[in-house]
Amino acid sequence: MPQIIEIPVTLRVVIADPIDGSPSGAEAAAIAALAAEHFTHVSHAQIAAFNEVNRVHPQGKGVVEAVTSVVHAADRTA
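Heads up: these notes are all about the structure in this document. Source: prediction; values computed, not measured. (Residues numbered from 1 in each chain as written. Predicted model: local features only at pLDDT ≥ 70, side-chain atom pairs only at ≥ 80, totals over all residues. Heavy atoms only, no water.)

**So, the overall build of the protein chain**
Next up, step 1: Helix and strand counts for the protein chain come out as two helices and zero strands.
Next up, step 2: In terms of C-alpha radius of gyration, the protein chain reaches 17 Å, well past the compact-globule figure of 12 Å for 78 residues.
Next up, step 3: Residues classed as buried in the protein chain amount to 13% of the 78 residues present.
Next up, step 4: Put simply, of all contacts in the protein chain between residues at least 6 apart along the chain, 58% involve residues at least 24 apart.
Next up, step 5: Carbon and sulfur atoms make up 60% of the accessible area of the protein chain, which amounts to about 7,000 Å² in all.
Next up, step 6: Of the side chains in the protein chain, 4 bear a positive and 8 a negative charge, and the two mean positions are spaced by 17 Å. (Helix = DSSP H or I, 4+ residues; strand = E, 2+ residues; numbered from the N terminus. Rg over C-alpha atoms; globule rule 2.2 N^0.38 Å. Buried < 20%, exposed > 50% of the residue type's maximum accessible area, 1.4 Å probe, protein only. Contact = heavy atoms within 4.5 Å. Areas by Shrake-Rupley, 256 points an atom, 1.4 Å probe, with all protein chains shown as cover. Lys, Arg positive; Asp, Glu negative; His and termini not counted. Charge placed at Lys NZ, Arg CZ, Asp CG, Glu CD.)

**Comments concerning the environment of isoleucine 47**
Next up, step 1: Note that isoleucine 47 resides in helix H2 (residues 44-56).
Next up, step 2: In this structure, the C-alpha to C-alpha distance between isoleucine 47 and alanine 66, residues 19 residues apart in sequence, is 7.2 Å.

**Examining the environment of alanine 29**
Next up, step 1: By secondary structure assignment, the location of alanine 29 is in helix H1 (residues 25-39).
Next up, step 2: With relative accessibility at 31%, the residue alanine 29 sits in the partly exposed group.
Next up, step 3: Alanine 29 sits eleven residues away from threonine 40 along the chain, and the two C-alpha atoms are 16 Å apart.

**Quick notes on H1**
Next up, step 1: Between its first and last C-alpha atoms H1 spans 21 Å; for 15 residues at 1.5 Å apiece the expected length is 21 Å, and the two agree.
Next up, step 2: Residues of H1 that are buried: Ala28, Ala30, Ala32, Ala33, Ala35 and Ala36. (Expected span 1.5 Å × (residues − 1).)

**Looking at a nonpolar patch on the surface**
Next up, step 1: A contiguous nonpolar surface patch, about 500 Å² in accessible area, is contributed by Ile5, Ile7, Val9, Leu11 and Val13.
Next up, step 2: When you line up the elements, isoleucine 7 lands in the segment before H1.
Next up, step 3: By relative accessible area, which is 63% here, isoleucine 7 ends up exposed. (Patch = residues over 30% accessible without salt bridge, like charges linked within 9 Å, V, L, I, M, F, W, Y side chains within 5 Å. Salt bridge = Lys/Arg side-chain N within 4 Å of Asp/Glu carboxyl O.)

Shown next as structure tokens:
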């Protein structure tokens, strides 16, 4: 039976000021949350590639079936 293992991860997203002014704290937080969601997506192809590397150079038994992420953002509205 597959096991679900939760791994805590911290993403630090740097939001630079655009030419036309500084984003508000809420705007920067919203952009950072969207970026985090985008960059934490793992495709089936990436999982397959990881499993193949682990098959050739095993770090342990098991095959990754899925990877999902949940971005917890305090304020997602801009």
